[in-house]
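This is what each chain is made of:
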Amino acid sequence: MNTMTEQQRREFARIAAPYLANDQVRSMSGFVQHGSISTLDHVVRVARASYTWACVLGITFNAEDLVAGALLHDFYLYDWHDRSTSKPNHATKHPLYAEENARRVFGVNEHVASIIATHMWPLPPDRVPRSREAWIVTAADKWCSLQETLLMRHTHGGTNRPRPAVERR
Ligand SMILES: [Fe+2]
Ligand SMILES: [Fe+2]
(Lines give C-alpha, C1' and ligand atoms only; values in the text may rest on other atoms or scores of the structure.)
(Ligands and ions follow the chains in the order given, each with its own letter.)
Protein backbone atom coordinates (compact mmCIF):
# COMPACT_ATOMS: atom_id res chain seq x y z
CA MET A 1 0.00 0.00 0.00
CA ASN A 2 2.75 2.44 0.95
CA THR A 3 4.64 2.69 -2.32
CA MET A 4 5.30 6.42 -2.44
CA THR A 5 8.46 7.73 -4.03
CA GLU A 6 10.61 10.07 -1.95
CA GLN A 7 9.16 13.08 -3.81
CA GLN A 8 5.60 11.86 -3.23
CA ARG A 9 6.34 11.18 0.44
CA ARG A 10 7.58 14.75 0.82
CA GLU A 11 4.56 16.21 -0.96
CA PHE A 12 2.16 14.16 1.15
CA ALA A 13 3.92 15.20 4.36
CA ARG A 14 3.88 18.89 3.32
CA ILE A 15 0.14 18.87 2.62
CA ALA A 16 -0.77 16.81 5.69
CA ALA A 17 1.41 18.73 8.18
CA PRO A 18 -0.94 21.65 9.01
CA TYR A 19 -3.87 19.31 9.54
CA LEU A 20 -1.89 16.87 11.72
CA ALA A 21 -0.62 19.80 13.83
CA ASN A 22 -4.18 20.91 14.65
CA ASP A 23 -5.37 20.04 18.17
CA GLN A 24 -8.88 19.08 17.05
CA VAL A 25 -7.50 16.74 14.39
CA ARG A 26 -5.16 15.27 17.00
CA SER A 27 -8.09 14.73 19.36
CA MET A 28 -9.24 12.00 16.95
CA SER A 29 -6.47 9.82 18.43
CA GLY A 30 -8.77 9.37 21.44
CA PHE A 31 -11.72 7.97 19.48
CA VAL A 32 -12.05 4.31 18.42
CA GLN A 33 -12.78 3.87 14.70
CA HIS A 34 -12.58 0.15 13.94
CA GLY A 35 -11.24 -2.57 16.22
CA SER A 36 -8.15 -1.12 17.88
CA ILE A 37 -7.66 1.68 15.33
CA SER A 38 -8.24 5.28 16.38
CA THR A 39 -10.05 7.69 14.10
CA LEU A 40 -6.76 9.60 13.62
CA ASP A 41 -4.93 6.43 12.55
CA HIS A 42 -7.84 5.62 10.22
CA VAL A 43 -7.92 8.98 8.43
CA VAL A 44 -4.12 8.96 7.99
CA ARG A 45 -4.34 5.45 6.50
CA VAL A 46 -7.13 6.57 4.15
CA ALA A 47 -5.16 9.68 3.14
CA ARG A 48 -1.99 7.67 2.41
CA ALA A 49 -3.96 5.07 0.44
CA SER A 50 -5.87 7.72 -1.53
CA TYR A 51 -2.73 9.67 -2.43
CA THR A 52 -0.80 6.49 -3.34
CA TRP A 53 -3.64 5.13 -5.50
CA ALA A 54 -4.00 8.45 -7.33
CA CYS A 55 -0.26 8.47 -8.04
CA VAL A 56 -0.20 4.82 -9.16
CA LEU A 57 -3.21 5.37 -11.45
CA GLY A 58 -1.23 8.10 -13.19
CA ILE A 59 -4.24 10.42 -13.34
CA THR A 60 -4.29 14.18 -13.02
CA PHE A 61 -5.56 15.03 -9.55
CA ASN A 62 -5.57 17.84 -7.02
CA ALA A 63 -3.24 16.53 -4.30
CA GLU A 64 -4.03 19.35 -1.85
CA ASP A 65 -7.79 18.71 -1.99
CA LEU A 66 -7.47 14.92 -2.04
CA VAL A 67 -5.24 14.78 1.06
CA ALA A 68 -7.31 17.41 2.92
CA GLY A 69 -10.58 15.64 2.08
CA ALA A 70 -9.18 12.27 3.14
CA LEU A 71 -7.71 13.55 6.41
CA LEU A 72 -10.96 15.34 7.31
CA HIS A 73 -13.46 12.78 5.97
CA ASP A 74 -14.24 11.51 9.49
CA PHE A 75 -13.68 14.82 11.32
CA TYR A 76 -16.97 14.46 13.22
CA LEU A 77 -15.19 14.66 16.60
CA TYR A 78 -16.87 12.08 18.81
CA ASP A 79 -16.58 8.36 19.50
CA TRP A 80 -19.38 6.72 17.55
CA HIS A 81 -19.34 3.77 19.98
CA ASP A 82 -20.28 6.08 22.88
CA ARG A 83 -24.02 6.70 22.79
CA SER A 84 -23.80 9.51 25.33
CA THR A 85 -21.72 11.71 23.00
CA SER A 86 -22.40 10.47 19.48
CA LYS A 87 -24.82 12.35 17.25
CA PRO A 88 -28.03 10.99 15.66
CA ASN A 89 -27.96 8.79 12.55
CA HIS A 90 -24.19 8.44 12.64
CA ALA A 91 -23.91 6.05 9.68
CA THR A 92 -25.53 8.37 7.17
CA LYS A 93 -24.98 11.78 8.75
CA HIS A 94 -21.38 11.72 10.05
CA PRO A 95 -20.02 12.97 6.69
CA LEU A 96 -22.16 16.09 7.15
CA TYR A 97 -20.97 16.56 10.76
CA ALA A 98 -17.38 16.18 9.49
CA GLU A 99 -18.00 18.65 6.66
CA GLU A 100 -19.41 21.21 9.08
CA ASN A 101 -16.37 20.88 11.37
CA ALA A 102 -13.97 21.07 8.42
CA ARG A 103 -15.60 24.29 7.23
CA ARG A 104 -15.58 25.78 10.74
CA VAL A 105 -12.01 24.81 11.70
CA PHE A 106 -10.18 24.99 8.36
CA GLY A 107 -12.49 26.95 6.05
CA VAL A 108 -12.15 24.19 3.46
CA ASN A 109 -13.12 24.89 -0.15
CA GLU A 110 -16.23 23.47 -1.85
CA HIS A 111 -14.33 20.59 -3.45
CA VAL A 112 -12.87 19.40 -0.14
CA ALA A 113 -16.30 19.81 1.51
CA SER A 114 -17.80 17.66 -1.23
CA ILE A 115 -15.14 14.93 -0.87
CA ILE A 116 -15.98 14.75 2.86
CA ALA A 117 -19.76 14.85 2.41
CA THR A 118 -19.93 12.05 -0.18
CA HIS A 119 -17.39 9.58 1.26
CA MET A 120 -20.03 7.14 2.56
CA TRP A 121 -21.68 6.64 -0.84
CA PRO A 122 -23.87 4.61 -1.45
CA LEU A 123 -25.02 5.74 1.99
CA PRO A 124 -27.18 7.60 1.16
CA PRO A 125 -27.53 6.75 -2.56
CA ASP A 126 -28.21 10.34 -3.59
CA ARG A 127 -25.04 11.80 -2.03
CA VAL A 128 -22.79 10.77 -4.93
CA PRO A 129 -19.05 11.56 -5.23
CA ARG A 130 -18.62 14.31 -7.84
CA SER A 131 -14.89 14.23 -8.65
CA ARG A 132 -12.14 11.68 -9.20
CA GLU A 133 -10.63 12.72 -5.84
CA ALA A 134 -13.98 12.04 -4.12
CA TRP A 135 -14.30 8.61 -5.77
CA ILE A 136 -10.77 7.67 -4.70
CA VAL A 137 -11.36 8.71 -1.07
CA THR A 138 -14.69 6.83 -1.04
CA ALA A 139 -13.00 3.65 -2.30
CA ALA A 140 -9.92 3.99 -0.06
CA ASP A 141 -12.15 4.51 2.99
CA LYS A 142 -13.98 1.26 2.30
CA TRP A 143 -10.77 -0.66 1.66
CA CYS A 144 -9.07 0.66 4.82
CA SER A 145 -12.21 0.12 6.92
CA LEU A 146 -12.43 -3.50 5.79
CA GLN A 147 -8.75 -4.08 6.60
CA GLU A 148 -9.12 -2.46 10.00
CA THR A 149 -12.22 -4.44 10.88
CA LEU A 150 -10.95 -7.82 9.72
CA LEU A 151 -7.19 -7.74 10.14
CA MET A 152 -6.25 -5.22 12.79
CA ARG A 153 -8.45 -6.22 15.68
CA HIS A 154 -6.37 -6.40 18.86
CA THR A 155 -7.61 -6.28 22.40
CA HIS A 156 -5.83 -4.66 25.32
CA GLY A 157 -6.72 -6.36 28.58
CA GLY A 158 -10.17 -7.18 27.31
CA THR A 159 -10.91 -3.65 26.12
CA ASN A 160 -10.76 -2.25 22.62
CA ARG A 161 -8.85 0.94 23.29
CA PRO A 162 -7.06 2.45 20.30
CA ARG A 163 -3.38 1.74 19.93
CA PRO A 164 -1.06 4.79 20.04
CA ALA A 165 -1.85 7.15 17.22
CA VAL A 166 0.58 7.89 14.44
CA GLU A 167 3.02 10.69 15.01
CA ARG A 168 1.63 11.46 18.45
CA ARG A 169 3.49 14.32 20.12
FE1 LIG B 1 -16.78 7.86 7.56
FE1 LIG C 1 -13.64 6.63 7.26
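Throughout what follows, the structure given in this document is the object of discussion. All residue numbers here refer to positions counted from 1 along the written sequence of the relevant chain. All chains are assigned letters beginning at A, and all ligands numbers beginning at 1, according to the order in which they are written. At least 70 in pLDDT is required for a residue's local features to be given in this predicted model, at least 80 for side-chain atom pairs to be given and counted, and no such filter applies to totals for whole chains, interfaces and linings, which use all residues.

1. Description of the nonpolar core
In step 1: Each nonpolar core comprises buried Ala, Val, Leu, Ile, Met, Phe, Trp, Tyr and Cys residues, the members being joined through C-beta atoms within 7 Å. Burial is judged by counting the other C-beta atoms within 10 Å of a residue's own C-beta: 20 or more makes it buried, 12 or fewer makes it exposed, and any count in between marks it as partly exposed, with every C-beta position built from the backbone. In this structure, Ala 47, Val 67, Ala 70, Leu 71 and Leu 72 are the most contacted members of the largest nonpolar core, which totals 36 residues.
In step 2: We count a stretch as a helix when DSSP gives it H or I for four or more residues in a row; a strand needs E for two or more, and each element gets its number in order from the N terminus. Breaking this core down by element, the ones donating at least two residues are α1 (6-20), α3 (39-57), α4 (63-71), α5 (90-106), α6 (110-117) and α7 (132-151).
In step 3: With 8 residues, the single largest contributor to this core is α3.
In step 4: Remark: residues whose backbone-derived C-beta atoms lie within 7 Å of one another are considered to be in contact. If sequence neighbours within four positions are ignored, Leu 72 has contacts with Tyr 19, Ala 98, Ala 102, Val 108 and Ile 116.

2. As for unusual backbone geometry
In step 1: Each neighbour pair has its own omega, and for Trp 121 with Pro 122 the value is 10°, a cis peptide bond.
In step 2: In this structure, Pro 122 sits in the loop between α6 and α7.
In step 3: Following Leu 123, the chain continues into Pro 124 via a peptide bond in cis, with omega recorded as -15°.
In step 4: Along the chain, Pro 124 falls in the loop between α6 and α7.

3. Remarks on the environment of Pro 129
In step 1: Secondary-structure assignment places Pro 129 in the loop between α6 and α7.
In step 2: In this structure Pro 129 comes out as partly exposed when scored by C-beta crowding, with 19 C-beta atoms within 10 Å.
In step 3: Discounting chain neighbours no more than four positions away, the residues touching Pro 129 are Thr 118, Trp 121, Ala 134, Trp 135 and Thr 138.

4. A word on the packing of α4 against α7
Any two packed helices are characterised by how steeply their axes cross, that is the angle between the axes, and by the distance between the axes.
In step 1: For every element, the axis is a line fit to its C-alpha atoms; helices are fit only across the contacting stretch, and the angle between N-to-C directions ranges from 0 to 180 degrees. Between α4 and α7, whose axes approach to 10 Å, the crossing angle comes to 35°. The way α4 lies across α7 gives a crossing that is right-handed. Between α4 and α7, the contacting residues are Asp 65, Leu 66, Gly 69 and Ala 70 on the first element and Glu 133, Ile 136, Val 137 and Ala 140 on the second.
In step 2: Classes in brief: Ala, Val, Leu, Ile, Met, Phe, Trp, Tyr, Cys and Pro nonpolar; Asp, Glu, Lys and Arg charged; the others, Gly included, polar. A class-by-class count of the residues in the contact of α4 with α7 yields 5 nonpolar, 1 polar and 2 charged. Helix crossings get a hand from a simple test, with the near helix turned counterclockwise from the far one by less than a right angle marking a left-handed crossing and a clockwise turn marking a right-handed one.

5. Side note on the packing of α1 against α4
In step 1: One way to put it is that α1 packs onto α4 with a least axis distance of 10 Å and a crossing angle of 50°. In terms of orientation, α1 and α4 fall into the oblique class. The handedness of the crossing between α1 and α4 is right-handed. Seen from α1, the contacting residues are Glu 11, Phe 12, Ile 15, Ala 16 and Tyr 19; seen from α4, they are Ala 63, Glu 64, Val 67, Ala 68 and Leu 71.
In step 2: Residues that form the contact of α1 with α4 fall into these classes: 8 nonpolar, no polar and 2 charged. Just so you know how the angles are binned, under 35 degrees is roughly parallel, over 145 roughly antiparallel, 65 to 115 roughly perpendicular, and the rest oblique.

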